[in-house]
Amino acid sequence: MGNTITEKILMAHTDLKEIAPGQLINAHVDIALGNDITAPIAISEFRAAGGKKVFDKDKVALVLDHFTPNKDINSAQQCKTVREFAMEHGVTHFFEGGQVGVEHALLPEKGIVLPGDLIIGADSHTCTYGALGAFATGVGSTDLAAAMLTGELWFKVPSSIKFVVYGKLAKWVSGKDLILSVVGRIGVDGALYQAMEFTGETISNLPMADRLSMANMAIEAGAKNGIFAPDAITEEYVKPRAKRPYKFYASDADAVYADVIEIDASKLEPQVAFPHLPSNVKGVSQAGNVKIDQALIGSCTNGRIEDLRIAAQILKNRKAAPGVRLIVVPATPFIYKQALQEGLLEIFMDAEAVISPPSCGACLGGHLGILAEGEKSVATTNRNFVGRMGHPKSEVYLASPAVAAASAVLGRIASPEEL
Amino acid sequence: MIFKGKVWKFGDNIDTDAIIPARYLNTSDPRELAKHCMEDADPDFVTRMKPGDIIVGGENFGCGSSREHAPIAIKAAGISCVVAKSFARIFYRNAFNMGLPIFESREFFDAITEGREITLDSIRGIITIGGTDQKFPISPIPPFMEQLIADGGLMKHIAKK
């Protein structure tokens, strides 16, 4: 009996010769990630357990990206705690200030996470790195503390659901639309505790930016991880970035799946997840007349240069509708600079967008784009729970950069086709 | 262990943003987090609940963000345990790792109404609804998780090893 790519990567990080879904294992961790919200608790747990040294200073990543630039005194204190810890332990991958980007855009960009790795992060969207053919999963702060101390963590081996996606994507349809439609189809707990493995001809042709958006939202279906078998597209992305060896794994032909779901992507139109669940998905043509107060383009789901290019293409020579606050958040300093050099920032400024520094702030209702009571935002982010971006009576509509940009121009949820 | 308390019933997919909104995550002080426990699901929850009370949820309790602040807020508010049809996986890990007792029971959810007193016997694996003879089984806890609880959470478990 063969194994899935998820099982193979997990097994390669243990001394085991066999592995099966449901099994509890202890596995070695290649990268353990924390941010300014989750790391302070981990640090306090690490110290309480008598931790003197992190297991490997090159395998810990600490990214101050959530409430930065520091939004208030408490946030500044949290950052200070993490900074001091990073300095004390000589943590190699510590990012703040002008080096910081949204963690799940930053780590792949810097080649810190690589194919075949086992990555844990005290942030639920750590599953993003599955796009590279790594096993990556979100955990809590205590888990991070344990991993920083011992270099190991306990896992229950997940069963896998295989998604076979075929058909050519229509214009303006992206990986974001694919994953929204998948979450809409299987529900927010449709892959609870399981691995989501994305395969098929559509996936084989899908650019890395789209794969990252898709893997990012595996957690929105309750999954432990999302994963893509690495291929030539992966190699092209990873090769210039990697500073250490990496390994490609693939599922065996006789690997066992809990379920196989086929998806005809050729019929897909841009998708929108209505409040207050990422699974509350409709085609944009069915959106009706939803007037918006804000459009947010950014985040670990859709703040990459490819996303900004699509938004700029739509926003060029256009302006945000009166009453709509358009916010663009390049996810990393490198992306910010690319957008500057490519003239995208000028297009955004001419469209009367606010260009935010790289930060997670607006997406989780921290700062840099909070909604008031009754306000509605279209956002290229990943969650639209009650109060996610501000007031408990505000609303978030999840969509692609193309839909968010078109919506900003028209002042309502709209398809780029309507422009 | 025996848990006895009044039930606060919530629905499916109670996410960690509802349990502790991100606007309060500029601290990890349990007392501060406790003040806002369940705020976006029920703004009056903290003022109405009593220590020892029990939260009951439907499917996928604790979905969304990995913030350990969520089980910390629940525990620090004085909730004795959480019973749900199912838990989101990171919340499940976090609860065992940091020592918030959680239990899965499917049939119980449909039978229980808010405000009822229940007794949960974690050794016998049975929930009894107060004033009735209605009893419901709780799903057995995997031996490894039992060990985590017995050791007082993940860090103490590691220290013991």
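Residues numbered from 1 in each chain as written. Chains lettered and ligands numbered in written order. Predicted model: local features only at pLDDT ≥ 70, side-chain atom pairs only at ≥ 80, totals over all residues. Heavy atoms only, no water.

1. Some points on the domain arrangement of chain A
A common measure of how large an interface is: the accessible area buried when the components associate. All names here are of chain A. Once the domains are mapped, chain A shows domain 1 (5–263) and domain 2 (272–418). Between the C-alpha centres of domain 1 and domain 2 the distance comes to 24 Å. Domain 1 puts 35 residues into the contact, and the matching count from domain 2 is 39 residues. Interface of domain 1 and domain 2: buried area, both sides summed, is about 2900 Å²; carbon and sulfur atoms make up 65% of it. Summed over the three residues of domain 1 that lose the most area to domain 2, namely Val102, Trp172 and Lys176, the buried surface amounts to 24% of that side. Our enumeration of links across domain 1 and domain 2 arrives at one salt bridge. The partner of Arg383 in a salt bridge is Glu220, with the nearest N and O atoms 2.6 Å apart. Summed over the shared surface of domain 1 and domain 2, the result is 20 residue pairs in polar contact (both at pLDDT 80 or more). Elements represented by at least two residues in the side of domain 1 that touches domain 2 include exactly helix 4 (103–109), helix 6 (175–186) and helix 8 (208–216). If you tally residues by element for the side of domain 1 that touches domain 2, the top one is helix 6, at six residues. Of the residues belonging to the side of domain 1 that touches domain 2, the class tally is 14 nonpolar, 15 polar and six charged. (Domains from an automatic or database assignment. Contact = heavy atoms within 4.5 Å. Buried area = accessible area lost by both parts, 1.4 Å probe. Salt bridge = Lys/Arg side-chain N within 4 Å of Asp/Glu carboxyl O. Polar contact = N/O pair within 3.5 Å; in protein donor to acceptor, adjacent residues only side chain to side chain. Helix = DSSP H or I, 4+ residues; strand = E, 2+ residues; numbered from the N terminus. Nonpolar A, V, L, I, M, F, W, Y, C, P; charged D, E, K, R; others polar.)

2. Here's the deal with the sheet that holds strand 11 (residues 259–264) of chain A
Residue and element names in this part refer to chain A. Spatially, the four strands line up as an open sheet ordered 10-9-8-11, and their pairing is parallel. Two strands close off the open sheet at either side, each with one partner strand: strand 10 (225–228) and strand 11. For this sheet, the mean inter-axis angle between neighbouring strands, taken without regard to orientation, is 20°. Two strands pair when backbone bridges link them, and strand 8 (residues 160–166) and strand 9 (residues 195–199) are joined in this way by five bridges, in the parallel orientation. Residue pairing in the sheet places Lys162 in a bridge with Glu197 of strand 9. Strands strand 8, strand 9 and strand 11 of the sheet are contacted by helix 6, whose axis makes an angle of about 130° with strand 11. (Pairing = 2+ DSSP bridges. Axes fitted to C-alpha atoms, helices over the stretch in contact; angles between N-to-C directions.)

3. Observations regarding the interface of chain B and chain A
Taken together, the contact pairs 38 residues of chain B with 49 residues of chain A. By the criterion of area lost to chain A, the three top residues of chain B are B:Arg89, B:Arg93 and B:Met155, representing 23% of everything that side buries. On the surface where chain B and chain A come into contact, there are two salt bridges. Residue B:Arg93 is joined to A:Asp143 by a salt bridge in which the shortest nitrogen-to-oxygen separation is 2.9 Å. Going through the elements one at a time, helix 4 (69–77), helix 5 (89–98), helix 7 (143–151) and helix 8 (154–160) of chain B are the ones with two or more residues in the side of chain B that touches chain A. If you tally residues by element for the side of chain B that touches chain A, the top one is helix 5 of chain B, at seven residues.

4. Considerations on the packing of helix 4 of chain B against helix 5 of chain B
When two helices pack together, their arrangement is given by the angle between their axes and by how far apart the axes lie. Residues and elements named next belong to chain B. Closest axis-to-axis distance for the helix 4/helix 5 pair is 9 Å, and the angle between their directions is 50°. Judged on the interaxial angle alone, helix 5 and helix 4 are oblique. In this structure, helix 4 meets helix 5 at a crossing whose hand is right-handed. From helix 4, Ala70, Pro71, Ile72, Ile74 and Lys75 reach across to helix 5, where they touch Phe91, Asn94, Ala95 and Met98. Broken down by class, the residue content of the contact of helix 4 with helix 5 amounts to seven nonpolar, one polar and one charged. (Parallel < 35°, antiparallel > 145°, perpendicular 65-115°, else oblique. Left-handed = near helix turned anticlockwise from the far one by under 90°.)

5. Let's talk about the packing of aromatic side chains
Considering all chains together, one arrives at 16 aromatic pairs over all chains under this definition. A centroid spacing of 4.9 Å and a plane angle of 80° characterise the contact between A:Phe274 and A:Tyr397, whose relative ring orientation is edge-to-face. Within this pair, whereas A:Phe274 is found in the loop between strand 12 (271–273) and strand 13 (281–283), its partner A:Tyr397 is found in strand 18 (residues 395–398), the two being separated by 123 residues in sequence. Each member of the pair, A:Phe274 as well as A:Tyr397, carries the same accessibility label: buried. Both rings, one in B:Phe61 and one in B:Phe87, keep their centres 5.9 Å apart while their planes meet at 80°; by these two values the pair is edge-to-face. Here the residue B:Phe61 occupies a position in the loop between strand 2 (54–57) and helix 4, and B:Phe87 occupies one in the loop between strand 3 (81–84) and helix 5, the gap between them amounting to 26 residues. The pair B:Phe61 / B:Phe87 is uniform in exposure class, with both members buried. (Phe/Tyr/Trp six-rings, centres within 6.5 Å; stacked < 30°, edge-to-face > 60°. Buried < 20%, exposed > 50% of the residue type's maximum accessible area, 1.4 Å probe, protein only.)

6. Digging into the sheet that holds strand 3 (residues 60–63) of chain A
Residues and elements named next belong to chain A. Ordered by their spatial adjacency, five strands build an open sheet running 4-3-2-5-6, and the pairing between neighbours is parallel. Of all the strands in the sheet, just strand 4 (93–95) and strand 6 (135–138) have a single pairing partner and so form its edges. Between one strand and the next, the sheet's axes are offset by a mean angle of 15°, whatever the strand orientation. Relative to strand 5 (residues 118–121), strand 2 (residues 31–35) is paired through three bridges, and the arrangement is parallel. Each bridged residue has a counterpart across the sheet, and for Leu33 the counterpart in strand 5 is Gly121. Across the face of the sheet, helix 3 (residues 73–89) comes into contact with strand 2, strand 3 and strand 4 while running at roughly 150° to strand 4.

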